[in-house]
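A structural walkthrough
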Amino acid sequence: MSTHVRKPGWFTVNVFNRLVTWLTRRGISVWGSRVLAVRGRKSGQWRTTPVNLLTLDGRHYLVAPRGHVQWTRNMRAAGGGELHLGRRVDPFTAAEVADDDKTPILRAYLKRWKAEVGVFFNGVGPDSPDDQLRRIAPDHPVFEITLTG
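Residues numbered from 1 in each chain as written. Predicted model: local features only at pLDDT ≥ 70, side-chain atom pairs only at ≥ 80, totals over all residues. Heavy atoms only, no water.

As annotated in an unreviewed UniProt entry, the protein is Nitroreductase family deazaflavin-dependent oxidoreductase from Streptomyces tuirus.

Put into structure tokens, the structure is as follows:
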């Protein structure tokens, strides 16, 4: 498994993520944003972070553009969590998608959010050949989520 991680900078942590989280908690989705809540694998406490919810062919996915970050590790341990948009809370279960199955999901994710997250994909974009998307797949965890509420 890849250990790829791109840590967010000061602006992302202190301005951008806080703004998106603030808006999303008030029911304003920024291009599909949700606040992900997942239990910490060590503490058991709820941890939150803004995410982009991708819907593709009637299925829902969470993609980690920054790689194998804390929420992805927690998701593997917890097997699910909650998505928040305003007062709406959607509990879900999660299953990690195999690297060989990520190509169409990564392509759709980049098509929708390349302007926001494209820098984390090392020059690979929505129009890149399948072999390039397969090459970066191990660096970007993808979870298919099933809403249970």
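Attention now goes to the nonpolar core. Ranked by size, the top nonpolar core spans 18 residues in total, and within it Leu54, Ile105, Leu106, Tyr109, Phe121 and Val142 carry the most contacts. Mapped by element, the contributors of at least two residues to this core are strand 3 (59-63), helix 3 (103-117) and helix 4 (130-136). Residue contributions to this core peak at seven residues, all from helix 3. Those residues within four positions of leucine 54 in sequence are excluded, and the remaining contacts are Arg59, His60, Tyr61, Ile105, Ala108, Tyr109 and Trp113. Membership of the second largest hydrophobic core comes to 13 residues, among which are Leu36, Leu62, Trp71 and Leu83. (Core = buried A, V, L, I, M, F, W, Y, C linked by side-chain atoms within 4.5 Å. Buried < 20%, exposed > 50% of the residue type's maximum accessible area, 1.4 Å probe, protein only. Helix = DSSP H or I, 4+ residues; strand = E, 2+ residues; numbered from the N terminus. Contact = heavy atoms within 4.5 Å.)

A separate point is unusual backbone geometry. Positioned with a positive phi, aspartate 57 is a non-glycine residue whose angle comes to about 55°. Within the fold, aspartate 57 resides in the loop between strand 2 (46-56) and strand 3. Taking the relative accessible area as the measure of exposure, aspartate 57 reaches 75% and is therefore exposed. Backbone geometry at asparagine 122 places phi at a positive 50°, although glycine is not the residue there. Position of asparagine 122 relative to the elements: it lies in the loop between helix 3 and helix 4.

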